[in-house]
Amino acid sequence: MVTESPRATTASADELLAHAATLRADADLMDGYARRLLATAATLSGCPAAPDWSRPTLKRQAAACTTAAKQLRTAAEALDTHARTSD
């Protein structure tokens, strides 16, 4: 069975720049989440009741948030470049 893909729409430069700004805002949120996760891991370091797995898990999640933030910023840069060259 063959299905037809929806037609691609062309976004204006202003729309692309708006999307890039949204991606940057999302990247900032992800950086914030990473900081909060690391702060929680640090707090749990002094808590004898905290499970052994909690700190490494929080640190891995923080690293994933940092990676996501970098990727979002890379995507935003690509949209900026595309928007500026499509004028």
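Before any of the text, the structure's been laid out above.
The structure contained in this document is the topic of the report that follows. (Residues numbered from 1 in each chain as written. Predicted model: local features only at pLDDT ≥ 70, side-chain atom pairs only at ≥ 80, totals over all residues. Heavy atoms only, no water.)

Further remarks concern the pattern of salt bridges. Enumeration over the complete set of coordinates arrives at four salt bridges. Between Arg 24 and Asp 80 there is a salt bridge, with its nearest N and O atoms 2.0 Å apart. With a gap of 56 residues between them, Arg 24 in helix 1 (residues 13-45) and Asp 80 in helix 2 (residues 54-85) connect regions that are remote in the sequence. Between Arg 73 and Asp 28 there is a salt bridge; the shortest N-O distance is 2.7 Å. Of this pair, Arg 73 sits in helix 2 while Asp 28 is found in helix 1, placing the two residues 45 residues apart along the sequence. The partly exposed category is assigned to Arg 73, whose relative accessible area is 27%. Note on Asp 28: relative accessible area 45%, which makes it partly exposed. Linked through salt bridges whose partners overlap, the residues forming this network are Arg 24, Asp 80 and Arg 84. (Salt bridge = Lys/Arg side-chain N within 4 Å of Asp/Glu carboxyl O. Helix = DSSP H or I, 4+ residues; strand = E, 2+ residues; numbered from the N terminus. Buried < 20%, exposed > 50% of the residue type's maximum accessible area, 1.4 Å probe, protein only.)

This paragraph deals with the side chain of Asp 80. By relative accessible area, Asp 80 is classed as buried at 16%. Here Asp 80 is in contact with Leu 17, Ala 20 and Arg 24, once residues within four sequence places are set aside. (Contact = heavy atoms within 4.5 Å.)

Looking at the element boundaries, His 82 is found in helix 2. As for His 82 and Leu 17, which are separated by 65 residues in sequence, their C-alpha atoms are 9.2 Å apart.

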